[in-house]
Amino acid sequence: MRLTTTTFISLLAASPALAVPNVLTDIAPINALVSEVMGDLGTPALLLPPNTDGHDYTMRPSDAQAVSEADVIIRVGDALTPWMSEVLTNLAPDASVLTLLETEGWTSRQVSEGGDVDHGGVDPHAWLDPQIASVWVVRIAEALTVADPENATTYAQNAQTVAADFARLSDTIAAELAAVSTKNFLWPHDAYQYFAARFDLTGVGAIAQSDASDPGPARIAALRDLALSGNVDCVLLDTEINASWGHILTDGTAIPMATVDPIGAGIPLGRGFYRTLLTQLSSTLANCR
């Protein structure tokens, strides 16, 4: 049979497009970064819902299936989900795994308070610094390119666009937070130091350690003394900290309280998630008065 040009083009159009990898991410902020890099090529799956605790999570059968079916798995690392390495070894031995805490091009921070054994001393909440997030989107693009070289140009271009957008986002947040740079913030748990360092915020401590475990009586007594001394301008809570601690610390004072969220529970997944996450955090801090 002789193929005409029109017939050949029609056959090409009818051919299935090359499938992009089946990508799985651990937490919502990382899912957002991967969504930005993949763009219109596909949508990454999410393992941990935003309202769950990544430090101590019990997997469901559907989670196990998602892990076993993934071609590429992109995660923060053992410092956030110490249980996950064994899961990947058992359920996804052939998957390509990108552990962002182990990538180059940025500087990690140590847990600032207490010896958190589960975290190995490393603060895993680095996505709260948009400059680090810009580095991570490049590493994500590189990992996706290895798995899907046909779309390398798209991944690289998307990562470049996102990094530039995050730089503008960082400038906007810096301008908003300049007015509160002299305030003393008491953080809910030791998870915000990347954000604080990027935007020159002053933290005077945290109610809980990095894994958000309940503070002991001695810690609460010390923080209560700090609050009564007048050296705390804002007490921050989040979904992982019992709100009663904030009321205990501020009782009898005029110290305002506010609730922040480092994971983004309630924010729709996908492109735009990360900008909303950081914008909401910035706005809450700027208005804690």
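Look above for the structure.
For the structure given in this document, a descriptive report is provided here.

Analysis parameters
Residues numbered from 1 in each chain as written. Predicted model: local features only at pLDDT ≥ 70, side-chain atom pairs only at ≥ 80, totals over all residues. Heavy atoms only, no water. Pairing = 2+ DSSP bridges. Helix = DSSP H or I, 4+ residues; strand = E, 2+ residues; numbered from the N terminus. Salt bridge = Lys/Arg side-chain N within 4 Å of Asp/Glu carboxyl O. Buried < 20%, exposed > 50% of the residue type's maximum accessible area, 1.4 Å probe, protein only. Core = buried A, V, L, I, M, F, W, Y, C linked by side-chain atoms within 4.5 Å. Contact = heavy atoms within 4.5 Å. Disulfide = S-S within 2.5 Å. Axes fitted to C-alpha atoms, helices over the stretch in contact; angles between N-to-C directions.

1. Things to note about the pairing of strand 4 (residues 96–99)
For step 1, the next point in the chain: Of the strand pairs in this sheet, strand 3 (residues 72–75) and strand 4 are connected by four bridges, and their pairing is parallel. Paired with R75 across the bridge in strand 4 is T99.

2. Here's the deal with the pattern of salt bridges
For step 1, the next point in the chain: In the structure shown here, the tally under the stated rule is eight salt bridges.
For step 2, the next point in the chain: For E36, the salt bridge is made with R275, and the minimal N-O distance between the two is 2.4 Å. Separated by 239 residues along the polypeptide, E36 in helix 2 (residues 28–38) and R275 in helix 10 (residues 273–286) bring together distant segments of the chain.
For step 3, the next point in the chain: The exposure class assigned to E36 is buried, which follows from its relative accessible area of 8%.
For step 4, the next point in the chain: In this structure R275 comes out as partly exposed when scored by relative accessible area, which is 25%.
For step 5, the next point in the chain: With a closest N to O distance of 3.0 Å, D63 and R60 form a salt bridge.
For step 6, the next point in the chain: For D63, a relative accessible area of 4% corresponds to the buried category.

3. Re the nonpolar core
For step 1, the next point in the chain: One finds I30, I74, W127, W136, F195, L201 and L285 to be the most contacted residues of the largest nonpolar core, which totals 75 residues.
For step 2, the next point in the chain: Those residues in contact with F195 that lie beyond four places of it in its chain are L128, I173, L177, L201, L278, L281, S282 and L285.
For step 3, the next point in the chain: Grouped together as the second largest cluster of nonpolar side chains are 13 residues, I220, L237, L249 and I255 included.

4. With respect to the state of the cysteines
For step 1, the next point in the chain: The tally for this structure, following the rule as stated, stands at one disulfide.
For step 2, the next point in the chain: Here C234 pairs with C288 through a disulfide, and the sulfurs are 2.0 Å apart. Negative torsions about the S-S bond denote left-handed disulfides, and the value of about 100 degrees found for C234 with C288 makes this one right-handed. Pair noted here: C234 is in strand 9 (residues 234–237) and C288 is in the segment after helix 10, with a separation of 54 residues, a long-range link.
For step 3, the next point in the chain: Classification of C288 by relative accessible area gives buried; the value is 2%.

5. Here we look at the sheet that holds strand 10 (residues 257–259)
For step 1, the next point in the chain: Strands sit in the order 8-7-9-10 across an open sheet of four strands; the sheet is parallel. Strand pairing shows two members of the sheet lacking a second neighbour, strand 8 (202–208) and strand 10, which therefore form its edges. In this sheet, adjacent strand axes meet at a mean angle of 25 degrees when their direction is disregarded.
For step 2, the next point in the chain: Of the strand pairs in this sheet, strand 7 (residues 184–189) and strand 9 are connected by two bridges, and their pairing is parallel. Looking at strand 9, one finds that F185 is bridged to C234.
For step 3, the next point in the chain: Those strands touched by helix 8 (residues 217–228) are strand 7 and strand 8, and its axis lies near 145 degrees from that of strand 8.

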